[in-house]
Every structure is written in C-alpha cells, then in structure tokens.
Amino acid sequence: MGLTDYQSKLRDVLGTAAEGNGGLLQVIGGPGVGKTTLLRGLKGQAAVSGAVCLTASGFADDAAIPFNIVEQLIRSSADTGALDVVAHWRTAGERYAETEHGVLRSLVREISDVLHRIAGGRQLVLAVDDAEHADYPSLMCLLHIARHASGTRTLVVMTSGQTHHLCTRVHSFHHLYKIEIGALPESGVGRLLERHGDAALAERIRASCHAISGGNPRLVKALLRDHLKAAPSGTGGDVTVGAEFQESYRRCLLRHQTPLQVAQALAVLGPYGSRCRVAGLLGCAEERVSRAMDLLNSAGLLEDGRFRHPSARSVALETLGAEDRARLSARAAELLYADGADPMAVAELLVIAGKTPDQKGVAVLWQAAQKNLDEGCTEEAIASLRLADRADLGRREHLDILMALVGALWSSNPATAEPELDRLLAAIRTDSPANIPEQYQCFLLFMVLWFGRYGDAEEIFTWSSGGCGTDTAASMAALRVTRQWVAFLKPMLIHDFPGQDVPDEEVDGLWAANLEHGLQLSVDELGMEIGHLQDPRQVAEFSPDTMHLLSPSNHFWFAYAYACRIVWAMAARGESEAADRLCGALFAAADKLNMRTPCAVALSMRAYIRCRHGDFTSAIDLASTALRSIPPRGWGVAIGLPLSVLVAAHTGIGRLDEAQRYLRYWVPKEMFDSVVGLEYLRARGQYCLATNRPYAALNDFMVSGMMIDQWPVDFGDLAPWRIDAAEAYLRVQEPAEAKRLALEELKLSPDRPLSTRGRALRILAMAEDPDKRRLLLYQSAKCLREQGDRYELARTLAELSQDYLSTGETQQARGTWHEAQRLMDECGMSAQHESRRELVMDGGGSPTRSRPPEEPGGSGDHEDDTPGTAAGSAEQPVLSEAEWRVATLAASGMTNRQIAKSLYITVSTVEQHLTRIYRKLSVGNRQELSRRLWLLIGATGASSSC
C-alpha cells in the first residue's frame, strides 16, 4: 500500500466517527514510514469536513512533564484562555504521583470538558503523534475521552511505533480503529521516485533504492536527494548513499528509545548480532528486543535483523557516545568469547573497548593478530598487538608481542616501526639479551640494518655469540633468511655472520621458477618449497611459542628474502625475463598480504630490471609508484633502490631536470655501505656524464669499485663499474685507460652477461684505432641483441652508423641509424633526432671526438653567399652520391687535403663539392654540416640518392 491508500482509510474512519461512532484510532508503524505525514493530512481533511482538529507530539525528553500533551492540544486551538488552568493541572498532577489518586480522575473530567468546549459542538479530533512518549496524565486524559466517545463524534488518533503500546488499556474499547503502515514495495518506491523526480530516473534506480532503504519513504526521498547531488543528470543505475541518507536514518533511530538501543547493540555486534545476544548485551528481556527488531524490520531500517547498508551501521554507531560504545564493546567481547566466536571479532571489540586486557584477552588478541596478518588485515593486527602490549605480561610474551608489532608496522610503514624498535631493544637489554632465541636476534638484525643502525647491529652480533644453539629448524631457517638481507644491507658483516650463503647451484632459473610457483602455494607447501623445512617431521622440533612462525605471513618472509636474493643474482647475470617474472610473483604475494613495504621493494626491483634493459618508461612508472608507497624516512638505507632507478632512467631519456630532482632527495650516509648504495653511485655517475662532469662521474664509478673489492660477497655484474669508469675515461680523453678497463672486464670471466660484454666491446671500439672499430662494434651489437638490451644496442648502433658515415657508406649509415631510432622510441626517448643522438653517443652529452687537425689553408669554414634550401624546409635538399661522400668525410673531421687523398680527387674538386653542399644545406661550417647530415640520415623515407 502507498500513502494515498492510508489516507483513504483515514478518511473513512473520520467519516464513521462523524456519524456518531467516535472512539480511538491507532496508527502503527516504524520510524519514517509516514505516520507524521498521515496526521498532517488528517488536519486538512478535518478542516474540509468542518471538524476541530487539535494536534500534539510526544517527545522522550518531555515525558516527565505532567499534562505536556494536553497543553500542546490546547495551544493548537484558537482558544488560549484555557491555558490559564494548565499550571493548576500540572501542580495537581505532581501531587497525584505521590498520594492523591483521586485527583487525576477529577482533572481528567475537567480537561475533557475544556477540550469539548473548545470544539463548540463541532466534531472533535485529537491527533497525537508518537504517543508512546506522552506523559502519563495526558495519556490517561486521552484514553478517558476515547473510552467515552462511543455515541459521539469525538475521535482520538494516536500514532505509535510499537504494536503492543496501550494494548492492555484499550482492549475493551467499543470503537477501536487501527491502521498499520509498513514499508513500500519496490513498485511503491518507483511511484514515490516518479513524484519527486522523473519516470526514467525512477526506473533506473528504484531497485537499488529499495534494497538500501527497505521501502522506507523518508529514506527513499533522502537517497534521491543524495543521488541528484552526486549526479545532477541522474545517470547511473545504482543510487548514491550520502549525507542526506545518513541524516534521515539517524532521525529515524533517535525518535524511539528501544529501537535505537537495539540498533546500537546490533551495530556493535556486527555480523554476530542476534536477538539473544542483543538482549544479553542490553540486559533486557529477549521479547522486548524481538518487538523492537520486528519494528525496525517492518520500517525497512533492518532486513532480518541486519543493516541493509554499511552506512546504516555507521550511523547507529555514531549515535553512541565514546564511553557507551566502549562499555558495550567490552560486554560484547565477553559474550562472543563465551560463545566461542572468531578471535578476530572478539579482538576488534576489545580494541574498541580499549581496556587493558587480562591473560585471556591477550591470548585472543595475539591469535587475532596472527590471523589478521595472514589475511592481509595489517592495521587490525597492529591495533590488536598495541592493546596486548599494554597488559601485564611475562618477559617472553612481551618480547613476542613487541617483535610482532615491529614487524607488522615495518610491513605497513617502516617509519612508524622505529620507535617501537627502540622499545624492543631497551626491553631486551634489561635482562640477559643473549638468552633470546636465535631467530629473534636475526629479526632484530634485519630491522636495525634496514634503518642503517650499524652500532645496534654490532651489539646484536655480540648477543648472537652468547651461545644460543643454531641447530633447530627455526634457528636455521631464520639464519638463512637474515643472511640474505645482511648481504645487501651491510655486506661487510657477512664475515661475522654464521651460516653459509645460498649455494650457487640453487641460484638458477629452475630454482627461481620453483620459488615463483611456491609464492602461490599453501602454508605447508610453501615451507617445503623454499627449503626452510626440508622434512615435514621437523615441525615437531618447534616449541609451542614459536609455532606462529609457520603462519602464511611468516612463510612469506622466508620466500621474500630468498626471492630478493635470487632476483639480484639473476639480474646481475642478465637473466632479466625470469627475474622480472619472479618480481611479479613476489609483488602479488606481498599485495595479497597487504604488505606495503615488501610490495614497494618488489616494484623497485622490477623497475631496476626494466631500467637495465632500456625500458625506461616502465621503470620510471614502477619506481615512482614504489617511492610513493611509503614515506621517504621509512625507506631507510633501501631508498637508494627506487632513487637510483629514477635517476638512471630519467638520465637515459634526457630528462636531466627530473633526474636532478631525485638526486636532491636526502639519503642516509649508511646507504653507501649497502648494495643499493652501489646502484645509487652508478646512477649519479651516469647523470654526471650526461651533464658534462666526467671527473665527478669517474669518482663515483671508482668508489663503487673499491667498495666491491672490499666486500666478502661476490655480486658478479651487479655494478659493472669498470665499464662505467671506462666511459668516463673516454670523456676525459684518456683512451688508453678506458681500453685497459674494458679489456680487464672482458678477461674477468667468459660467463659475464652479454650486456656487459657488449658494452665493453663498444668502449674498446671507441678506444681502438679506427680500422679495428667496426669489427668490435659488430661484436658489441651481436652481444646486445642476444641480451635484449635495447638502450645499449641503440648506443652501439649509433656509433656504427657514425662509422659508416665517416667512410661515405650512406645507405648503411641510414639503415643503422633508423634502427637505433626505433630502439630509442622503445626506450621512451621522445626528443628530436639531434638530441637523441647526443643521448646515445659517448654516454650522453655532446661527444668529444678525436679529429685530425686541419691543414693550413684548408677551407673547413668555407661559406657561399648563394642561398640554398633552408634547414627547416619541408622539402629535403638533394645531394649527389659524390657530394655525400665529401660531406660525410668533412663532417667526420677530415681536412680538404685528407678528403682528396681518400677519394682520389683534387683539393679543388673537394672545395667545389663543399661549396655546393654548403649552399644546398644552408650551413656555414663543418659543425653545422655534421648536425645537418644527421638530421638528413634520420629523416624517414629519405631517398637513397640524397
């Protein structure tokens, strides 16, 4: 039924009363279903029929004021003279409450006479909204009038939210009328939306609007207002839930005390709410709770005792004060714990209550924290651990909780973990630090190394030498994991660290593939896959207080450390495809557990791999995302990883201002004692080369080499400093030293990655005599093609194109340069051809080549006054093949005499060719000629005879 149907029924009851069948009309319905609107319509109908309609509303806060409703009824009339006796009635009513029971009966008759006198012989209608909040004296008066209305035209109308209200007092009434108002069906919601909107909009959103509002008219109109505010055009098929809905829902709850309390209890209990638990939480009869829940269900505020939308539950919680919510949450936790509910639900309530937990509470919080970590609910786990940390605990329990808290905070935001790490170290130092388990010492070692706290790391090493055994499965697993981190965060400490590194035979593609697969396995399988439990029977060696190490989140830590180790090893060997896949699996596993820091590290490693192979655009995107994931201070010494990628990638594509911006980031000095410090130095050196500061670059590269030589860990080709330094030596005109370093790199190992060999061969080509250059460049290109290193291959091809051009082989020069351009496009270089050439020649910046000196009297700067085709013209100038040969040799630095000798022509012929070339190309000297030739070679589609 709709509101129109209820108004029709009300009109019928009013007409029946007008015929002398007066009595009591009860209008029953939940909050917001339209009872108040119905009464407003009643007043209009009464006026049309000539009746006198007096109105009043009950409020919970005014229920203790005697005759409050009667006073409202009188004030709603035009006769205000009767108000003079209200004070007398109120005083008498207060006396009645104590001793004089007969006083009320006298007052009721007197008030009835006053109200009928106001009607003046016309039909009298007394309409009271929310009658359950009426004061007792007024209620008795109204019931007296209704009881004696039989045979009269007097009608008393009361709205109520509870069907049982007054039922014991009115069962004997001769004329008792009742209208029960419920929520609207979906079709009714559609009609209501049409009246306040349009038919098309109503058709689109009526289903979702009915699902959220339950057909409650007040909520339907609120949802429509929210939807039109969010989307003025009314587009979309799902209605928007906003502030209007929340405010309307709040008003529905606040009008009725018992339904409000029940809704609050259901909101506190969440998915564990039931009639029984709500009654236990409120300390009232279950029957009372059932009536309130039935009322809320009928009004559409609940659906089978559940909130229809999360916003509804949020509103119910907001109506609770902080103290009331804490009290109810504490009580709800006790109820759920007694019923054996999920520890995560109990822990959530304990955290909200905020009371210092007892021993049972600590156990629940610990269990919930581990489960939350395993399910990726990191913030909830942190909240549980913080509350558990406040309890009166034994030393071992306290350390367990603090360590778990530090680990959870680190995985979410390392910057928040360091203060707790200080507390943890202080707690350990107070009593026998050497007695803590080996795996905990390893955990601490990783944490202090991450933050570059090497003094604390040395202290922890002294604890490790205190004699704790390392023969248990837990200890050996922890040692293997932590050794991986020590190798990268402080390689010099490997001398003092127990255990052995991962055997070389384990760091291969098959092992990486197994680990990549293992990151997706179940808990038990994952432990077997990564090797920290070689035998399932070893589980028996774990004591009960370390069984939490077998949770999925802790299994991830084992796999995470090994994966990082293997990614670096494979990247150093040039096995980029497998390393990239493993990074992807590592990120997916960390993301599933909602570990932001491991996710950021995985993204940074993936960016590093992409950058090494010239995919600069992808590398910048990945590294930027990683850097934004956690605050800079939280990165610790690892901040050099994303920064080095961003500096190197921006330098590679010529965005030097961007590269400089990332170099301005503050980095801890301890970073330069780690492997990521190597990459940072290398990236900074490359930037220095690109900005024409070769000596600064050489310093960074040589420092990297000294660091690697001092470390006891072999990182292979992680930082090929010799090649980097060789490029810098070429820039400072020391080709002999560049050649020495290139040859040294080539002799190190035949298993060196092809990209490194390709770079070394190119450097050797640039440092060798011109007659040997082309063969070395061929070999360099071959290595780089096989490796798939696009950026370095583009650099080699640019050099090869220049070599072709210097000998007049324009077809080969053009084809080679076009391939280099294509590779530069793939690398993300979007600069013009001239700028891109400078980026890939001689390590960035304008190349400084050795040129034979000009002979006296040469015409290297010859100009012709005859204008030719402009350089920027859309029409390309045409050079003959002979002119091309002269032009390319002149651009390479040869004098006119050397060109004549090379081409077996006279010097005069060379000068004539140059005159025509300068005129055609509109250039004035050989430097401009060199630049113009490169533009012509790079022009797509240029004719072979140009």
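What you are looking at is a predicted structure, and each value in this text was computed from that prediction instead of being measured.

About the criteria used
- Residues numbered from 1 in each chain as written.
- Predicted model: local features only at pLDDT ≥ 70, side-chain atom pairs only at ≥ 80, totals over all residues.
- Heavy atoms only, no water.
- Helix = DSSP H or I, 4+ residues; strand = E, 2+ residues; numbered from the N terminus.
- Contact = heavy atoms within 4.5 Å.
- Areas by Shrake-Rupley, 256 points an atom, 1.4 Å probe, with all protein chains shown as cover.
- Salt bridge = Lys/Arg side-chain N within 4 Å of Asp/Glu carboxyl O.
- Pairing = 2+ DSSP bridges.
- Axes fitted to C-alpha atoms, helices over the stretch in contact; angles between N-to-C directions.
- Phe/Tyr/Trp six-rings, centres within 6.5 Å; stacked < 30°, edge-to-face > 60°.
- Buried < 20%, exposed > 50% of the residue type's maximum accessible area, 1.4 Å probe, protein only.
- Lys NZ or Arg CZ within 6 Å of the ring centre and 35° of its normal.
- Core = buried A, V, L, I, M, F, W, Y, C linked by side-chain atoms within 4.5 Å.

It is worth spelling out the overall build of the protein at this point. Scanning the protein for helices and strands turns up 45 helices and seven strands. Long-range contacts, defined as pairs at least 24 residues apart, comprise 69% of the intrachain contacts of the protein with a sequence gap of at least 6. Accessible area of the protein: about 39,400 Å², with a carbon and sulfur share of 50%.

The subject of this paragraph is the pattern of salt bridges. Enumeration over the complete set of coordinates arrives at 52 salt bridges. For Glu334, the salt bridge goes to Arg331, with nearest N and O atoms at 3.4 Å. Here Glu334 and its partner Arg331 are both found in helix H16 (residues 322-338), three residues apart, which amounts to about one turn of the helix. Each of Arg682, Asp724, Glu727, Arg759, Arg762, Glu792 and Arg795 takes part in one network of salt bridges that share partners.

The five strands lie next to each other as E2-E3-E4-E1-E5, forming an open sheet whose pairing is parallel. For this open sheet the edge positions go to strand E2 (52-57) and strand E5 (176-181), each flanked by a neighbour on one side alone. Geometrically, the sheet is characterised by an average inter-axis angle of 15° between neighbouring strands, direction not taken into account. Of the pairings in the sheet, the one linking strand E3 (residues 124-129) to strand E4 (residues 155-160) comprises four bridges and is parallel in character. Residue pairing in the sheet places Val128 in a bridge with Met158 of E4. Helix H2 (residues 35-49) rests against strand E1 (23-29), E2, E3, E4 and E5 of the sheet, and its axis sits at about 165° to E3. Here helix H6 (residues 136-147) sits on the sheet in contact with E1, E3 and E4, set at roughly 135° to E4.

The next subject is the packing of aromatic side chains. Under the definition given, this model contains seven aromatic pairs. With a centroid separation of 5.8 Å and 75° between ring planes, the pair formed by Phe672 and Tyr680 is classed as edge-to-face. Its relative accessible area of 3% is what places Tyr680 among the buried residues. Lying across the ring of Tyr454, Lys490 places its NZ or CZ 4.2 Å from the centre.

The subject of this paragraph is the environment of Thr816. Within the secondary structure, Thr816 is located in helix H40 (residues 810-827). On the accessibility criterion, Thr816 (10% relative accessible area) is buried. In this structure Thr816 touches Leu797, Leu800, Ser801 and Tyr804, once residues within four positions along its chain are discounted.

By size, the foremost hydrophobic cluster in this structure holds 198 residues, and its most contacted members are Leu25, Val157, Tyr249, Phe307, Leu444, Met605 and Trp635. Considering each element in turn, this core owes the most residues, ten residues, to helix H20 (residues 395-412). The residues contacting Val157, other than those within four sequence positions of it, are Leu25, Val27, Leu39, Leu42, Val125, Leu126, Ala127 and Val128. Among the nonpolar cores identified, the runner-up in size contains 47 residues, and Ala725, Leu741, Ala760 and Ala900 belong to it.

So, to be careful, I would describe these as geometric facts and stop short of saying anything about function.
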